[in-house]
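Coordinate inspection notes
What follows is each chain in one-letter form.
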Amino acid sequence: MTENRMGTRQVELEVLRYNPETDQEPKFQRFTVPCVNEWCVLDALNYLKDNLDSTLSYRWSCHMQVCGSCGMMINGEPKLACKAMLRDYAGVIRVEPLSHFPIERDLVSVADDFMAKLKRVKPYLIPGEKRTLADGEYKQTPAQLERYKKYAMCINCMLCYAACPEYGLTPKFIGPAAISLAHRYNQDSRDGGRDERQEEIATSEGVWECTFVGACSDVCPKHVDPASALQQVKVASTVDWYLEHFMSWVKK
Amino acid sequence: MSRRPYVREVPRTTWFFKHPRYMRYMAREVTCIFIGIYTVILLVGLARLSEGPAQYEGFLEALRQPGSVLFHLLALAFSLYNTFTWFNVAPKALPVQVGDEHWPDSVVSGGHYVVWVGLSLFIRFWAGVL
């Protein structure tokens, strides 16, 4: 009775399964999962694992759109499973691991490539001005914070990589999230590491691989707008080039 | 247990059929073909103009053919699509921050439309058409 009052429904989940020890290739498996209407896809997967098939593998942690672990393709769209509400879906819900990444097992994708790229762009503060503890904190005005705040919201969920066709076709592309994070630190008034990061991102494997499809910004669950970061890095790199080749007397 | 990750290849020639947003992107890219052909026609017109009045009249006559009119209508539609799609994403590449706030996207893209209409009117006025 309680369940009925809350509103329940039988949800058909079609889940891409892959067991590296026994399977030659992934294949879909259909489950009927009794769900509460207010659940998200992650709740349905948790019910499935707890009650129907304990061998199902997937990543999740916070269940509140902060940790970035539960990214997967839901009806062909990169989504956080904790943000995909069942009430927004009718009929069979098809769940697959994130596109463009190798499949480790079931819904778990291999994140090694992204992690290596993240490390390359040095996504941390490289102080421009060395200060000791006695000098006090690095101060910043609201206007200086506004310059990069949007790009600091990234949770490394990799949905943008699953949406980006350039990354799918050319895996060496450093990609939306890593370049956005590099841009975030380049825009920070306390930072002095831009030259080091430009070595990685103002290159053919960096921003110049991007053709501004804009899919990354469409799917970002935190509204980081990676496409804007990449276009701004292109504009800034172009200005750098002109300054260096035609106006070398102007100090950057 | 050994790792054996499974790689799903992206089809190199048909990937853009997979999602409507990829189709919209390809439509924007395809517009350049029509704009390119139109530019070549414009250059041919300039060359005919430099050769004399008779040659230029012949060029104008060719432009009046139904096939040519159809092409120009198509090229107009594609170049408008190109203009609108690029102006609408311009705020991503050129954000304007004044004080503690960024200008809304509509102001930045709206500015592009205003400059576009202004320049078009100026050129028509300058050329004596208006």
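Residues numbered from 1 in each chain as written. Chains lettered and ligands numbered in written order. Predicted model: local features only at pLDDT ≥ 70, side-chain atom pairs only at ≥ 80, totals over all residues.

A few words now on the interface of chain A and chain B. Between chain A and chain B, the contact holds 27 residues from the first and 22 residues from the second. Elements represented by at least two residues in the side of chain A that touches chain B include exactly strand 6 (103-105), helix 4 (142-146), helix 6 (165-169), helix 9 (215-219) and helix 10 (226-246) of chain A. The dominant element in the side of chain A that touches chain B, judged by the number of residues it contributes, is helix 10 of chain A, at five residues. Broken down by class, the residue content of the side of chain A that touches chain B amounts to 14 nonpolar, six polar and seven charged. (Contact = placed C-beta atoms within 7 Å. Helix = DSSP H or I, 4+ residues; strand = E, 2+ residues; numbered from the N terminus. Nonpolar A, V, L, I, M, F, W, Y, C, P; charged D, E, K, R; others polar.)

Further remarks concern helix 3 (residues 66-93) of chain B. One turn of an α-helix holds 3.6 residues; hence residues three or four places apart share an orientation. Helix length check: helix 3 of chain B (28 residues) gives 40 Å between terminal C-alpha atoms against 40 Å at 1.5 Å per residue, within 8%. The largest bend along helix 3 of chain B reaches roughly 30° and is located at B:Phe87, with the proline B:Pro91 sitting one to four residues downstream. For helix 3 of chain B, the elements touching its buried residues are helix 10 of chain A together with helix 1 (20-51) and helix 4 (105-126) of chain B. (Expected span 1.5 Å × (residues − 1). Bend = angle between axes of the 7 residues up to and from the residue.)

Taken as a whole, chain B is organised into domain 1 (10-78) and domain 2 (94-130). Of note, the centres of domain 1 of chain B and domain 2 of chain B, computed from C-alpha atoms alone, are 25 Å apart. (Domains from an automatic or database assignment.)

Our next topic: the confidence of the model for chain B. Put simply, chain B has an average pLDDT of 95, and 98% of its residues get 70 or more. At the level of chain-chain contacts, confidence expressed as ipTM amounts to 0.88, with global pTM at 0.92. (pLDDT = per-residue confidence, 0-100.)

This part is about the domain arrangement of chain A. For interface size, the figure often reported is the accessible area lost on association. Residue and element names in this part refer to chain A. We note that the domain assignment places domain 1 (2-109) and domain 2 (112-246) within chain A. The C-alpha centroid of domain 2 is placed 31 Å from the C-alpha centroid of domain 1. Across the boundary between the two partners, domain 1 contributes 13 residues, which contact 12 residues of domain 2. Of all the elements in the fold, those that place two or more residues in the side of domain 1 that touches domain 2 are strand 3 (71-74) and strand 4 (77-80). If you tally residues by element for the side of domain 1 that touches domain 2, the top one is strand 4, at three residues. For the side of domain 1 that touches domain 2, the class distribution of residues is six nonpolar, five polar and two charged.

Attention now goes to the pairing of strand 5 (residues 93-96) of chain A. The sheet contact formed by strand 1 (residues 8-17) of chain A and strand 5 of chain A spans three bridges and is parallel. Across the sheet, the residue bridging to A:Leu13 is A:Ile93, located in strand 5 of chain A. (Pairing = 2+ DSSP bridges.)

Attention now goes to unusual backbone geometry. Residue and element names in this part refer to chain A. Of note in the backbone geometry, Gln65 takes a positive phi value of approximately 60° without being a glycine. Position of Gln65 relative to the elements: it lies in the loop between helix 2 (41-52) and strand 3. For Gln65, a count of 15 C-beta atoms within 10 Å corresponds to the partly exposed category. (Buried ≥ 20, exposed ≤ 12 C-beta atoms within 10 Å, placed from the backbone.)

Turning next to the nonpolar core. Residue and element names in this part refer to chain A. Membership of the largest hydrophobic core comes to 62 residues, with the highest contact counts inside it found for Val41, Ala44, Ala81, Met158, Cys160 and Ile179. Of all the elements, helix 7 (residues 176-186) adds the most residues to this core, at six residues. Counting contributing residues per domain, this core is built from domain 1 (2-109) and domain 2 (112-246), each supplying no fewer than three. The residues contacting Ala44, other than those within four sequence positions of it, are Val11, Leu13, Val33, Cys35, Trp39 and Leu86. (Core = buried A, V, L, I, M, F, W, Y, C linked by C-beta atoms within 7 Å.)

In this section: the packing of helix 1 of chain B against helix 3 of chain B. Residues and elements named next belong to chain B. Look at helix 1 against helix 3: their axes get within 8 Å of each other, and the N-to-C directions meet at 130°. By the angle between their directions, the pair helix 1 and helix 3 is classed as oblique. Handedness of the crossing formed by helix 1 with helix 3: left-handed. Residue-level inspection shows Ala27, Arg28, Thr31, Phe34, Ile35, Ile37 and Tyr38 of helix 1 in contact with helix 3, the latter providing Leu74, Ala75, Phe78, Ser79, Tyr81, Asn82 and Thr85. Its residues assigned to classes, the contact of helix 1 with helix 3 shows nine nonpolar, four polar and one charged. (Axes fitted to C-alpha atoms, helices over the stretch in contact; angles between N-to-C directions. Parallel < 35°, antiparallel > 145°, perpendicular 65-115°, else oblique. Left-handed = near helix turned anticlockwise from the far one by under 90°.)

The next thing to look at is the sheet that holds strand 4 of chain A. Backbone hydrogen bonds are what pair the strands of a sheet, in a parallel or an antiparallel way. Residue and element names in this part refer to chain A. Taken in spatial order, the five strands of this open sheet run 2-1-5-3-4, and their pairing is mixed. Two strands bound the open sheet, and with one partner strand each, they are strand 2 (27-36) and strand 4. Averaged over all adjacent pairs, the angle separating strand axes in this sheet is 35°, with direction ignored. One ladder, built from four bridges, connects strand 3 with strand 4; its direction is antiparallel. Counted as the bridge partner of Met72 is Lys79 from strand 4.

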